[in-house]
Amino acid sequence: MLLTSALVYLAVGAPAPIPLTTNACDIIDVDARLCSCTDLLHQKFVLDCEVPLHIKALNFSDTFGIKVIADPCDKPASMKIDVVEKMFGIDVPIEKIVAGTELLTPIPGLAINIPNVGEANIDLDISFGGDVDEIEVKAGINACIKSSGEQICGQDIPYLQDLLPIWVIDGTWQVGHLCGQTASIE
């Protein structure tokens, strides 16, 4: 079918569009030990990740699930995120986030008590940018605490300096060809 279409275009002298099709999961590169990618209809995709968090000094160990449903071809690109923690039965859906969003939001019911410092909330940390050509996604787990009226997070909190944030998804992907853009032979 593609060859026939190309011949018809060439026969009349018009440029022949060459679809640059692929599935989203073919270009999304994530750590396969933590995440899986599933293609959906209309170039949407799902990243389903499990994040282990172990802090020996605080005797804290837990696993978090982060599920991202992304629509890179939406205008602007968008995604939904769901954070699940099984031990305490926590499920936090975050509805539509559009490109250009940075979000640091506490996961209700999850906190770490840090001796001589206080209680740090476990947070979902997201940075989502890009456009129809390229998307940038950074999503993971962090922890933040208010100290002297200021919020400090992960790398600046005692006992957590070398542990947080944990970036589960961290990538920039070229998605223009997924979103209906085509090249032409002239």
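See the structure printed just above.
Worth saying up front: this structure is predicted, and the values here are computed from it rather than measured.

Student: Lay out the pattern of salt bridges with the relevant residues and their values.
Tutor: On inspection of all chains with the given rule, the structure shows four salt bridges. Arg-33 is the salt-bridge partner of Asp-31, the closest N and O atoms lying 2.7 Å from each other. Classification of Asp-31 as partly exposed rests on a relative accessible area of 26%. Relative accessible area serves as the criterion here: at 74%, Arg-33 is assigned to the exposed category. When the shortest N-O distance is used, the salt bridge between Glu-50 and Lys-86 registers 3.9 Å. In this pair, Glu-50 is assigned in strand S3 (residues 45-55) and Lys-86 in the loop between strand S5 (78-85) and strand S6 (90-98), connecting sequence segments 36 residues apart. Residue class for Glu-50 comes out partly exposed when judged on its relative accessible area of 43%.

Student: Provide a residue-level description of the pairing of S6, including the pertinent values.
Tutor: In terms of strand pairing, S5 meets S6 through seven bridges, oriented antiparallel. By the bridge assignment, Ser-78 is partnered in S6 with Val-98.

Student: Which residues make up the packing of aromatic side chains, and what values go with them?
Tutor: Tallying each qualifying case throughout the model produces zero aromatic pairs. The ring of Trp-167 carries the charged tip of Lys-138 above its face, separated from the ring centre by 4.7 Å.

Student: Describe the state of the cysteines, listing the residues and the values that go with them.
Tutor: Under the criterion given, the structure shown has four disulfides. The side chain of Cys-35 participates in a disulfide bridge whose partner is Cys-49; the two sulfur atoms lie 2.0 Å from each other. Between Cys-35 and Cys-49 the sulfur-sulfur dihedral comes to about 110°; the bridge is accordingly right-handed. With a gap of 14 residues between them, Cys-35 in strand S2 (residues 35-39) and Cys-49 in strand S3 connect regions that are remote in the sequence. Side by side, Cys-35 and Cys-49 carry an identical accessibility label, which is buried. Two residues, Cys-144 and Cys-153, share a disulfide whose sulfurs are 2.0 Å apart. On the sign convention where negative means left-handed, the S-S torsion of about 105° between Cys-144 and Cys-153 marks this disulfide as right-handed. With respect to burial, Cys-144 and Cys-153 carry one shared label: buried. Once the disulfide-bonded cysteines of the chain are ranked by sequence position, their pairing pattern turns out to be 1-3, 2-4, 5-8, 6-7.

Conventions used here
- Residues numbered from 1 in each chain as written.
- Predicted model: local features only at pLDDT ≥ 70, side-chain atom pairs only at ≥ 80, totals over all residues.
- Heavy atoms only, no water.
- Salt bridge = Lys/Arg side-chain N within 4 Å of Asp/Glu carboxyl O.
- Buried < 20%, exposed > 50% of the residue type's maximum accessible area, 1.4 Å probe, protein only.
- Helix = DSSP H or I, 4+ residues; strand = E, 2+ residues; numbered from the N terminus.
- Pairing = 2+ DSSP bridges.
- Phe/Tyr/Trp six-rings, centres within 6.5 Å; stacked < 30°, edge-to-face > 60°.
- Lys NZ or Arg CZ within 6 Å of the ring centre and 35° of its normal.
- Disulfide = S-S within 2.5 Å.

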